[in-house]
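Fold and geometry: a report
Next come the chains, spelled out residue by residue.
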Amino acid sequence: MKIFHDENFKALHSHLDREIDCLSQLFDLLGDEAATLRSLDLTELGRISPAKEKLVAQHQQLARQRIEMLTTMSVDGHVPTFSQLLATHDLDLEHPLVEQIFRVRKLAEDVMLANQRNFTFAQSGNGLVGNLIKIITSIRSPQAKTYGRNGHIRANLLDSIPRGGQPCSV
């Protein structure tokens, strides 16, 4: 029975190495994405986006594989959490899997936070750009509205000429 567990742990250890590598790459790419968003470099953002999608898809596949591995390691066929796995198999803090598990958890948390920060920044920038475009469009529009002397909105510049032939003092 111990040989079975050792083989499972070796396979899980190898798998977690791949997952850590994938999450590390994704975290680094999210750092690049943050810098690119700040610099508004659309060309670089166009390069980063497909690479990010590829790493996310790769991690999703690795996560599904991890769930399958953990299920085969469980006593009752249910997917155990890492905490349950450690408790069930009496793994102490010195076991190589424990360090990997903590590293996977930390990287996953860091990736989620970095992605959320980038998303929030992109959304705020998108709103800023959208509002600037609205302002520029309203200024350039031939039907731009301005205020007359009486405080009412005038639809066009002809409304700025007062009736009675007196010159407009603008």
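On a predicted model such as this, the values are computed, not experimentally measured, just so you know.

Concerning the overall build of the protein
Helix and strand counts for the protein stand at four helices and two strands. The helix and strand sequence of the protein, counted from the amino end, reads α-α-α-α-β-β. Across the 170 residues in the protein, those meeting the buried criterion constitute 28%. Taking contacts inside the protein between residues at least 6 apart in sequence as the whole, the part at least 24 apart equals 58%. Of the accessible surface of the protein, which amounts to about 12200 Å², a share of 59% is contributed by carbon and sulfur atoms.

Let's talk about the environment of Ala63
Tracing the sequence through the fold places Ala63 in helix 2 (residues 42-73). With relative accessibility at 16%, the residue Ala63 sits in the buried group.

Description of unusual backbone geometry
For residues other than glycine, phi is negative in most cases, and the peptide bonds are mostly trans. Even without glycine at this site, Leu40 takes up a positive phi of about 55 degrees. The exposure class assigned to Leu40 is exposed, which follows from its relative accessible area of 65%.

Overview of helix 2
For helix 2, built from 32 residues, the straight-helix expectation of 46 Å at 1.5 Å per residue is met to within 8% by its first-to-last C-alpha distance of 46 Å. Inspection of helix 2 places Ile48, Lys52, Leu55, His59, Leu62, Ala63, Arg66, Met69, Leu70 and Met73 among the buried residues, and these make up the whole buried set. For helix 2, the N-terminal cap is Asp41; the gap from its side-chain oxygen to the backbone nitrogen of Thr43 is 3.2 Å.

Some points on the nonpolar core
Among the nonpolar cores identified, the biggest contains 25 residues, and Leu12, Leu16, Phe82, Leu85, Leu97, Ile101 and Val104 are the most heavily contacted of them. At the level of secondary structure, the elements contributing two or more residues to this core comprise helix 1 (2-39), helix 2, helix 3 (82-88) and helix 4 (96-140). In terms of residue count, helix 1 provides more of this core than any other element does, nine residues in total. Not counting residues within four places of it along the chain, the set of residues in contact with Phe82 comprises Leu16, Arg66, Leu70, Ile101, Val104 and Arg105.

Re the side chain of Asn118
One can find Asn118 in helix 4. Owing to a relative accessible area of 6%, Asn118 belongs among the buried residues under this scheme.

Quick look at the pattern of salt bridges
In total, this model carries four salt bridges according to the counting rule given. Residues Glu19 and Arg66 are paired through a salt bridge, measuring 2.7 Å at the closest nitrogen-oxygen approach. With a gap of 47 residues between them, Glu19 in helix 1 and Arg66 in helix 2 connect regions that are remote in the sequence. What makes Glu19 buried here is its relative accessible area of 0%. A salt bridge links Asp110 to Lys106, with the shortest nitrogen-to-oxygen separation between them at 2.9 Å. Remark: Lys106 and Asp110 occur in helix 4; sequence separation between them is four residues, near one turn of the helix.

Rules and cut-offs
- Along each chain, numbering runs from 1 in the same order as the chain's sequence is written.
- Where totals are concerned, whole chains, interfaces and linings use all residues; where local detail is concerned, this predicted model gives features only for residues with pLDDT of at least 70, and gives and counts side-chain atom pairs only at 80 or more.
- Excluded from the side-chain calculations are hydrogens and water; all other atoms, namely the structure's heavy atoms, are used.
- The numbering of helices and of strands both runs from the N terminus, where a helix is a DSSP run of H or I of at least 4 residues and a strand a run of E of at least 2.
- The buried label applies to any residue whose accessible area, calculated with a 1.4 Å probe on protein chains only, is under 20% of its type's maximum; exposed applies above 50%, and partly exposed to all values in between.
- Any two residues whose heavy atoms approach within 4.5 Å are treated as being in contact.
- A 1.4 Å probe and the Shrake-Rupley method give the accessible areas. Residues count as covered only by the protein chains that appear here.
- The span you would expect from a helix comes to 1.5 Å times its residue count less one.
- N or O atoms closer than or at 3.5 Å make up a polar contact, with two conditions inside protein: a donor-capable atom paired with an acceptor-capable one, and, for residues adjacent in sequence, both atoms drawn from side chains.
- Throughout, nonpolar core names a set of buried Ala, Val, Leu, Ile, Met, Phe, Trp, Tyr and Cys residues whose side chains join them through atoms within 4.5 Å.
- Salt bridges are identified by distance alone: a Lys or Arg side-chain nitrogen within 4 Å of an Asp or Glu carboxyl oxygen.

Function cannot be inferred from these measures alone, as they are strictly geometric.
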